[in-house]
Amino acid sequence: MSVITAYNHNTTTKKPLSKRPLLAAMTTALMLSISLAGCSSADTTQDDTKKENNSADASSNSTTNDAVAVTTIDVDTVKGKVSLPINPSPIVVYDMTLMQDLAALEVAIDGKPSGLHLDNLQSKVQPDPKEMGTVFEPDLEALNAMQPQAILIGSRMAEKYNELSSIAPTLDMSIDTANIYQSSKQRLHDLGALFGKSDQALKLQQNIDGLIKQTQTLSEDKGTGLVVMVNGNKLSVYGDKSRFGFIHSVLGVPMADNQIADARHGQPVSFEYLQKVNPDWLFVIDRSAAIGEDSVGAKAVLDNPLVAQTTAWSKNQVVYLSPDSYLAFGGYNQWMQDLTAIKTAFTNTK
């Protein structure tokens, strides 16, 4: 057997025996090549795996950093920027306009003033907030007991800012009455951002803007207007820089009197004044009714021979603004109620 396969001495068997070293070398080279290729492939796979893992780690870190970055927010206030955690809780709110906007955004509040006269100041699905004083005087003991994460105030509580700031971060978000539209729009936007409700805040603002555009179109060439507040038997009027100035500055109704003094409580006037100015439209605020006082009512007070001589009264072009216009001016519900009332009045005019 051995002679036949390996050691046969005829010339035929010698030739293959002479090639064995070459064949062995070629086999060794081939095996080495395969081995190197396998190593190269493994290294490449390991490198790719490392790259993927590094990429995932980077992505994970990026997500973590983004989450950290949006946990706090800076809010511009009357007193400057205030840094707060997003969706602070508990919160106390001392302003009816703020409460109205937060209710529309479905944001629950934990503390509120007592003696409020509106029924649209808190979300319908939240428990009743604790009473923490009034809109003019905070209950400091109750505040210290609650330890709120934020206190939100408006103009009626502005003078108590320092006292409140000693207890918790306090945001004075008073509306600029001289530019009530832009100011209230900014406030709604800021509340949406602070409480993670930006999309909802945008939708609410779109509702307001839609009504404004419709009312602007209807108010063209409808004559002059005069905003008058009735407080018992007393009258006062307001110009375009007042909290009710949106009727002129936003809706474009010309002022019946361009000389109205800019005063927080309006310019006191008489029935004779109304007759002399003779507005085409009267926009009336019944203060007594808004704050729950017993009174004969604005309509009865204005129903006299002097006012009857005005174009507004004779043509029944008298619009009674909502109690919100006095208590929560610039709030979402105030905009929607008063714009709807004015739009309806202009629609029905002949």
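Structure: see above.
The model shown is predicted, which means the values in this text are computed figures rather than measured ones. (Residues numbered from 1 in each chain as written. Predicted model: local features only at pLDDT ≥ 70, side-chain atom pairs only at ≥ 80, totals over all residues. Heavy atoms only, no water.)

S.K.: Please set out the overall build of the protein residue by residue, giving values where relevant.
M.R.: Secondary structure summary: the protein contains 15 helices and twelve strands in total. For the protein, buried positions account for 43% of its 350 residues. Counting contacts in the protein only where the partners sit at least 6 residues apart, residues at least 24 apart contribute 61% of the total. Surface accessibility of the protein: about 18,900 Å² in total, with carbon and sulfur atoms responsible for 52%. (Helix = DSSP H or I, 4+ residues; strand = E, 2+ residues; numbered from the N terminus. Buried < 20%, exposed > 50% of the residue type's maximum accessible area, 1.4 Å probe, protein only. Contact = heavy atoms within 4.5 Å. Areas by Shrake-Rupley, 256 points an atom, 1.4 Å probe, with all protein chains shown as cover.)

S.K.: Which residues make up the packing of helix H6 (residues 180-194) against helix H7 (residues 198-219), and what values go with them?
M.R.: Between H6 and H7, the least distance of the axes is 7 Å, while the angle of their chain directions is 160°. Between H6 and H7, the crossing angle belongs to the class labelled roughly antiparallel. The two elements H6 and H7 meet at a crossing, and its hand is right-handed. From H6, Tyr181, Lys185, Leu188, Gly192 and Ala193 reach across to H7, where they touch Ser198, Ala201, Leu204, Gln205, Asp209 and Ile212. Here the residues of the contact of H6 with H7 sort into six nonpolar, three polar and two charged. (Axes fitted to C-alpha atoms, helices over the stretch in contact; angles between N-to-C directions. Parallel < 35°, antiparallel > 145°, perpendicular 65-115°, else oblique. Left-handed = near helix turned anticlockwise from the far one by under 90°. Nonpolar A, V, L, I, M, F, W, Y, C, P; charged D, E, K, R; others polar.)

S.K.: Describe unusual backbone geometry, and please don't skip the residues or the numbers.
M.R.: Cis rather than trans, the peptide bond between Ser89 and Pro90 has omega equal to 0°. With respect to the secondary-structure elements, Pro90 resides in the loop between strand E2 (80-85) and strand E3 (91-93). Positive phi values are uncommon outside glycine, yet Asn278 reaches one of about 50°. Along the chain, the position of Asn278 falls in the loop between helix H9 (271-277) and strand E11 (281-286). You can call Asn278 partly exposed: its relative accessible area is 30%.

S.K.: Explain the environment of Ala328 to me, using residue names and the numbers behind them.
M.R.: Secondary-structure assignment places Ala328 in the loop between helix H14 (324-327) and helix H15 (332-348). The class for Ala328 is buried, based on a relative accessible area of 0%. Considered as a pair, Ala328 and Met99 are 229 residues apart in the sequence and their alpha carbons are 8.7 Å apart. What Ala328 contacts, discounting residues up to four positions off in sequence, is Met96, Thr97, Gln100, Leu118 and Gln334.

S.K.: Tell me what's going on with the sheet that holds strand E8 (residues 225-231), and back it up with residues and numbers.
M.R.: Spatially, E10-E9-E8-E11-E12 is the arrangement adopted by the five strands of the open sheet, whose pairing is mixed. Two strands bound the open sheet, and with one partner strand each, they are strand E10 (267-269) and strand E12 (318-320). Strand-to-strand twist across the sheet, computed as the mean angle between neighbouring axes with direction ignored, equals 35°. Inspection of the sheet shows E11 paired to E12 by three bridges, in the parallel sense. The partner of Val284 across the bridge, within E12, is Tyr320. Where H15 meets the sheet, its contacts fall on E11 and E12, and the angle it forms with E11 comes to roughly 150°. (Pairing = 2+ DSSP bridges.)

S.K.: So, the packing of aromatic side chains: which residues are in play, and what are the values?
M.R.: Going through the model one piece at a time under the given rule, you end up with five aromatic pairs. Plain terms: the ring middles of Tyr238 and Phe244 are 4.9 Å apart, the flat faces sit at 80° to each other, and that makes the pair edge-to-face. The burial state of Tyr238 is the same as that of Phe244; both residues are buried. Aromatic side chains Trp281 and Phe346 sit 4.6 Å apart centroid to centroid with 75° between the ring planes, which places their arrangement in the edge-to-face category. With Trp281 in strand E11 and Phe346 in helix H15, this pair connects stretches of sequence that are 65 residues apart. Phe346 matches Trp281 in its accessibility class, with the two residues each being buried. (Phe/Tyr/Trp six-rings, centres within 6.5 Å; stacked < 30°, edge-to-face > 60°.)

S.K.: Please set out H6 residue by residue, giving values where relevant.
M.R.: Over its 15 residues, H6 runs 21 Å from end to end, which matches the ideal 21 Å to within 8%, given 1.5 Å per residue. With respect to burial, H6 is a largely interior element, eleven of its 15 residues being buried. For H6, the set of buried residues is Ile180, Tyr181, Ser183, Ser184, Arg187, Leu188, Asp190, Leu191, Gly192, Ala193 and Leu194. Where H6 terminates, the next one or two residues include Gly196, which has phi positive at roughly 65°. (Expected span 1.5 Å × (residues − 1).)

S.K.: Can you lay out the nonpolar core for me, pointing to particular residues and giving the numbers?
M.R.: Grouped together as the largest cluster of nonpolar side chains are 59 residues, with contacts concentrated most on Leu102, Leu152, Phe283 and Ile342. Tallying contributions element by element places H6 first for this core, with six residues. Ignoring sequence-local partners within four residues, the contact set of Leu102 consists of Ile91, Val93, Val107, Ile109, Leu152, Leu191 and Phe195. In terms of nonpolar packing, the next biggest core, distinct from the first, is built from 20 residues, Val230, Val237, Leu274 and Val301 among them. (Core = buried A, V, L, I, M, F, W, Y, C linked by side-chain atoms within 4.5 Å.)

S.K.: Summarise the pattern of salt bridges; cite the residues concerned and give the values.
M.R.: For the coordinates displayed, the defined rule picks out four salt bridges. Note that Arg187 and Asp95 form a salt bridge whose closest N and O atoms lie 3.6 Å from each other. In this pair, Arg187 sits in helix H6 while Asp95 sits in the loop between E3 and helix H3 (96-104), placing the two residues 92 residues apart along the sequence. Across the pair, exposure class does not vary: Arg187 and Asp95 are buried alike. (Salt bridge = Lys/Arg side-chain N within 4 Å of Asp/Glu carboxyl O.)

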